[in-house]
Amino acid sequence: MKSSQQIVNEAKARIVEVSVQELASALQDHHAILIDVREPDEFIQGYVDRSVNYPRGVLEMRIHQHPSVGSNCDTMTALEQLAAKPIYLMCRSGARSALAADALKNMGFTQVLSVAGGFQAWLDAGYPVER
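Residues numbered from 1 in each chain as written. Predicted model: local features only at pLDDT ≥ 70, side-chain atom pairs only at ≥ 80, totals over all residues. Heavy atoms only, no water.

Asker: Which parts of the structure should I look at to understand unusual backbone geometry?
Answerer: Peptide bonds are trans in most cases, and residues, glycine excluded, mostly fall at negative phi. Here Arg50, not a glycine, exhibits a phi torsion of approximately 75°, which is positive. Structurally, Arg50 can be placed in the loop between helix 3 (40-43) and strand 3 (51-53). A residue is classified by how much of its surface remains accessible, and Arg50, at 31% relative accessible area, is partly exposed. (Helix = DSSP H or I, 4+ residues; strand = E, 2+ residues; numbered from the N terminus. Buried < 20%, exposed > 50% of the residue type's maximum accessible area, 1.4 Å probe, protein only.)

Asker: What exactly am I supposed to notice about the pairing of strand 5 (residues 112-115) here?
Answerer: A regular strand carries its side chains on alternate faces of the sheet. Along strand 5, one buried face is formed by Val112 and Ser114 and the opposite face, lined by Leu113 and Val115, is buried too. For strand 1 (residues 16-18) and strand 5, the ladder comprises three bridges, and the chain directions are parallel. Each bridged residue has a counterpart across the sheet, and for Val16 the counterpart in strand 5 is Leu113. Of the pairings in the sheet, the one linking strand 4 (residues 87-90) to strand 5 comprises three bridges and is parallel in character. Among the inter-strand pairings, Ile87 is bridged to a residue of strand 5, identified as Val112. Taken together, strand 4, helix 6 (residues 95-107) and strand 5 constitute a β-α-β crossover, and its handedness is right-handed. (Pairing = 2+ DSSP bridges. Right-handed = clockwise from strand over helix to strand, strands pointing away.)

Asker: Sorry, what's going on with the side chain of Arg38 here?
Answerer: One can find Arg38 in the loop between strand 2 (33-36) and helix 3. There is a polar contact of 2.8 Å between the side chain of Arg38 and the side chain of Asp36. Look past the residues within four positions of Arg38 in its chain and what remains in contact with it is Phe43, Gly46, Tyr47, Asn53, Pro55, Met90, Cys91, Arg92, Arg96 and Phe119. (Polar contact = N/O pair within 3.5 Å; in protein donor to acceptor, adjacent residues only side chain to side chain. Contact = heavy atoms within 4.5 Å.)

Asker: Would you explain the nonpolar core in this entry?
Answerer: Considering soluble globular proteins, one finds that nonpolar side chains tend to be buried as a cluster. Core analysis: the biggest nonpolar cluster contains 21 residues, and Ile35, Leu59, Ile63, Ile87, Leu89, Leu104 and Phe109 have the highest contact counts within it. Sorting the residues of this core by element identifies strand 2, helix 5 (75-83), strand 4 and helix 6 as the ones contributing at least two each. In terms of nonpolar packing, the next biggest core, distinct from the first, is built from 15 residues, Val18, Tyr88, Leu113 and Val115 among them. (Core = buried A, V, L, I, M, F, W, Y, C linked by side-chain atoms within 4.5 Å.)

Asker: What should I look at first to understand the pattern of salt bridges in this one?
Answerer: Side-chain pairs of opposite charge can arise whenever the charged atoms involved come near each other. Overall, the coordinates contain six salt bridges when judged by the stated rule. For Arg14, the salt bridge identified is with Asp102, shortest N-O distance 2.6 Å. Pair noted here: Arg14 is in helix 1 (residues 4-14) and Asp102 is in helix 6, with a separation of 88 residues, a long-range link. Close ionic contact of Glu60 with Arg56 constitutes a salt bridge, the shortest N to O distance being 3.1 Å. (Salt bridge = Lys/Arg side-chain N within 4 Å of Asp/Glu carboxyl O.)

Asker: Would you mind showing me how to read the packing of helix 1 against helix 6 here?
Answerer: It is the contact of helix 1 with helix 6, at a shortest axis distance of 9 Å, that shows an interaxial angle of 55°. In terms of orientation, helix 1 and helix 6 fall into the oblique class. At the point where helix 1 passes helix 6, the crossing takes the left-handed sense. Counted together, Ile7, Val8, Ala11, Lys12 and Arg14 of helix 1 and Ala95, Ala98, Leu99, Asp102 and Lys105 of helix 6 form the full contact between these two elements. For the contact of helix 1 with helix 6, the per-class residue count stands at six nonpolar, no polar and four charged. (Axes fitted to C-alpha atoms, helices over the stretch in contact; angles between N-to-C directions. Parallel < 35°, antiparallel > 145°, perpendicular 65-115°, else oblique. Left-handed = near helix turned anticlockwise from the far one by under 90°. Nonpolar A, V, L, I, M, F, W, Y, C, P; charged D, E, K, R; others polar.)

See below:
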């Protein structure tokens, strides 16, 4: 048996985590993609500008629908287009985003980054929030 924290720690050992400061800098480059993996009820209470909400439970099935991909692309073409860009993942505290980053790495994404501390760290740092 493993606890959820053990699974998160194992995922964090396999992925790259970035700070909210690194995310803020990356968002100045309009090629960076930010996906918020929190549940919709969490997301609507506040989110980072330009983030797209794909909850952790559906991320792998919906990522190919990201708005940065052409609407008439097939799934594999869309995934290849997304894989060419850095993808930042955010949740509330950094646990779900670590699991999500690990899952996307398993799909073949190489530029996937989890935001350490998540949305709470973003708030604590005083960065702007959309509502």
